[in-house]
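So the chains spell out like this:
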Amino acid sequence: MSEAGIRRLAVIGAGAWGTALATAARRAGSETVLWAREAEVADSVNADHENPIFLPGVALDAAIRATNDVAEAVREADAVLLVAPAQHLRSVAGQLEPHVGGDTPVVICSKGIERQSAALMSEVTAAALPGRPLAVLSGPTFAREVADDRPTAVTLAAEDPEIGEALIAALGSRRFRPYLGDDLVGAQIGGAVKNVIAIACGIVAGRGMGANARAALITRGLAEIARLAAAKGAYAETLMGLSGLGDLTLTATDSQSRNYSLGEELGRGRVLQEIVGERRSVAEGVHTAEAVLSLAERLGVDMPITESIDAVLNRGAGLEEMIEALLARPFKSEAR
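Residues numbered from 1 in each chain as written. Predicted model: local features only at pLDDT ≥ 70, side-chain atom pairs only at ≥ 80, totals over all residues. Heavy atoms only, no water.

(A) Representation of the overall build of the protein chain. Within the protein chain one finds 16 helices and 8 strands. Here the C-alpha radius of gyration of the protein chain, 19 Å, is about what a compact globule of 336 residues would show, namely 20 Å. C-alpha extents for the protein chain along the principal axes are approximately 60 × 40 × 35 Å. Residues classed as buried in the protein chain amount to 54% of the 336 residues present. Considering only residue pairs separated by 6 or more positions, the protein chain has 71% of its internal contacts joining residues 24 or more positions apart. (Helix = DSSP H or I, 4+ residues; strand = E, 2+ residues; numbered from the N terminus. Rg over C-alpha atoms; globule rule 2.2 N^0.38 Å. Buried < 20%, exposed > 50% of the residue type's maximum accessible area, 1.4 Å probe, protein only. Contact = heavy atoms within 4.5 Å.)

(B) Fine view of the side chain of Glu38. Its place among the elements puts Glu38 in the loop between strand S2 (31–35) and helix H2 (39–48). By relative accessible area, which is 11% here, Glu38 ends up buried. For Glu38, the residues in contact, after removing those within four places along its chain, are Phe54 and Arg280.

(C) Up close: the packing of helix H8 (residues 184–206) against helix H11 (residues 242–251). One way to put it is that H8 packs onto H11 with a least axis distance of 9 Å and a crossing angle of 25°. In terms of orientation, H8 lies roughly parallel with respect to H11. You can see that H8 and H11 cross each other, and the crossing is right-handed. Each of Ala187, Gly190, Gly191, Lys194, Asn195, Ile197 and Ala198 in H8 lies in contact with H11, whose residues at this interface are Ser243, Asp247, Leu248 and Thr251. In terms of residue class, the contact of H8 with H11 is built from 4 nonpolar, 5 polar and 2 charged. (Axes fitted to C-alpha atoms, helices over the stretch in contact; angles between N-to-C directions. Parallel < 35°, antiparallel > 145°, perpendicular 65-115°, else oblique. Left-handed = near helix turned anticlockwise from the far one by under 90°. Nonpolar A, V, L, I, M, F, W, Y, C, P; charged D, E, K, R; others polar.)

(D) A look at the sheet that holds strand S5 (residues 106–108). If you trace the 8 strands from one edge of the open sheet to the other, you get S3-S2-S1-S4-S5-S6-S7-S8, paired in mixed fashion. Edge positions in the sheet fall to strand S3 (65–67) and strand S8 (176–181), since each of these pairs with one other strand and no more. The average angle at which neighbouring strand axes cross in this sheet is 25°, direction not considered. Here strand S1 (residues 8–12) runs beside S2; their pairing, made up of 5 bridges, is parallel. When the bridges of S2 are listed, Leu9 appears paired with Thr32. Those strands touched by H8 are strand S6 (134–138) and strand S7 (152–158), and its axis lies near 35° from that of S6. (Pairing = 2+ DSSP bridges.)

(E) Expanded view of the pattern of salt bridges. The full count for this structure, using the stated rule, is 19 salt bridges. For the salt bridge of Asp149 with Arg27, the shortest nitrogen-to-oxygen distance reads 3.8 Å. Here Asp149 is found in the loop between helix H6 (143–147) and S7, whereas its partner Arg27 is found in helix H1 (residues 16–27), with 122 residues between them in sequence. Here the salt bridges share partners, and the residues they tie into one network are Glu264, Glu265, Arg268, Arg270, Glu274 and Glu278. (Salt bridge = Lys/Arg side-chain N within 4 Å of Asp/Glu carboxyl O.)

(F) Summary view of unusual backbone geometry. The phi dihedral of His49 is positive, around 55°, even though this residue is not glycine. Mapped onto the secondary structure, His49 falls in the loop between H2 and S3. Classification of His49 as partly exposed rests on a relative accessible area of 28%. Positive phi outside glycine occurs at Asp149, with the angle close to 65°.

(G) Spotlight on the pairing of S1. Among the 5 residues that make up S1, 4 are buried, leaving the element largely enclosed by the rest of the structure. What joins S1 to S2 is H1, and the crossover it makes is right-handed. In the sheet, S1 pairs with strand S4 (residues 79–82) via 4 bridges, with the strands oriented parallel. Paired with Leu9 across the two strands is Ala79, which belongs to S4. (Right-handed = clockwise from strand over helix to strand, strands pointing away.)

(H) Highlighting the pairing of S8. The pairing of S7 with S8 spans 6 bridges and is classified as parallel. For Ala153, the partnering residue across the bridge sits in S8 and is Arg177. Once the chain exits S7 it traverses helix H7 (residues 161–171) before rejoining the sheet at S8, and the crossover so formed is right-handed.

(I) Inspection of the environment of Val11 at higher detail. Of note, Val11 is situated in strand S1. Between the C-alpha atom of Val11 and that of Leu34, which follows or precedes it by 23 residues, the distance is 4.8 Å. If sequence neighbours within four positions are ignored, Val11 has contacts with Gly18, Ala22, Thr32, Val33, Leu34, Trp35, Leu81 and Val83.

(J) Region of interest: the nonpolar core. Residues Ile189, Val193, Ile199, Leu228, Leu262, Leu266 and Ile309 are the most contacted members of the largest nonpolar core, which totals 47 residues. Listed by contribution, the elements that provide at least two residues to this core are H8, helix H9 (211–231), helix H12 (258–267), helix H13 (272–277), helix H14 (284–299), helix H15 (304–314) and helix H16 (319–327). Setting aside residues no more than four positions away along its own chain, Ile309 makes contact with Val196, Ile199, Ala200, Ile203, Ala289 and Met322. Counting residues in each nonpolar core, the second largest holds 42 residues, with Ile6, Val146, Ile163 and Ala166 among its members. (Core = buried A, V, L, I, M, F, W, Y, C linked by side-chain atoms within 4.5 Å.)

This is the structure:
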């Protein structure tokens with residue numbers, strides 16, 4: 001980070017969310033370079049100022065420059081925003097390692113838990129980019145609404161509060177409002193597990209089970225998120241904020257959510273492979289369910305909703321079987 005603060009940002013990942021973040025950064029006055037894995041995306045951003053594959057119909061600031069060369073993307077960057085899909089974050093961060101300065105802040109903007117290791121994204125990043133100051137950006141965000149400059153609030157949790165303030169200055173604007181925090185673990189758990197709960201809520205909607213059932217799932221899902229976060233050392237207050245309750249409420253109630261809409265299709269009787277095969281974008285909850293359950297079992301945390309969704313997505317369980325198993329659970333204290 002330069003003495004003048006953070007003015008040059010490298011956004012690593014040109015999906016819908018990465019492109020929207022690049023747009024938010026430009027509105028805040030930051031110089032922005034967007035790294036795209038696909039050469040055609042970089043070419044379109046540079047020539048036409050649009051990302052027609054992942055964020056069609058949104059006019060991008062002509063000052064946003066794109067490249068598919070990672071070294072070029074991070075050259076002279078004051079901070080790096082990692083927006084690669086969660087299951088590819090380790091590989092992408094490893095490519096960056098020779099090119100990112102040892103004191104360059106790295107902001108994790110991907111939501112998920114690594115499937116193979118059950119590691120949080122901060123743990124993955126710390127292993128691939130050791131020694132760099134870390135921060136986590138999370139909260140209730142639909143990429144298109146951010147790109148369209150609709151009012152949005154997010155959590156920015158930083159290890160170093162001074163770096164956190166500099167990042168907020170580089171990203172924040174009147175309609176994109178980051179709130180500073182220091183609970184990186186809580187911000188990540190909330191952002192990852194809500195995708196699994198959103199699939200469950202989509203299934204409820206797709207099967208026409210009613211608003212009562214969805215409200216119950218959101219509430220009990222938040223309890224699961226809080227239990228897992230506490231077991232990993234997070235603060236309870238974090239889960240009541242933007243990266244917990246806020247993100248869950250958004251993702252589990254609106255068909256703009258890739259995870260909720262996938263659940264809706266499952267609830268209507270479609271096959272998972274068929275739904276996934278039709279989409280360019282990733283529904284992180286499909287990959288995260290197994291990882292969340294693995295982490296929960298390791299920490300001795302009871303997560304029946306997550307377990308049920310993992311059984312449907314990864315273990316061949318039928319929807320009726322899953323629903324009946326949840327409804328047959330014994331009555332218990334709400335506080336446990």
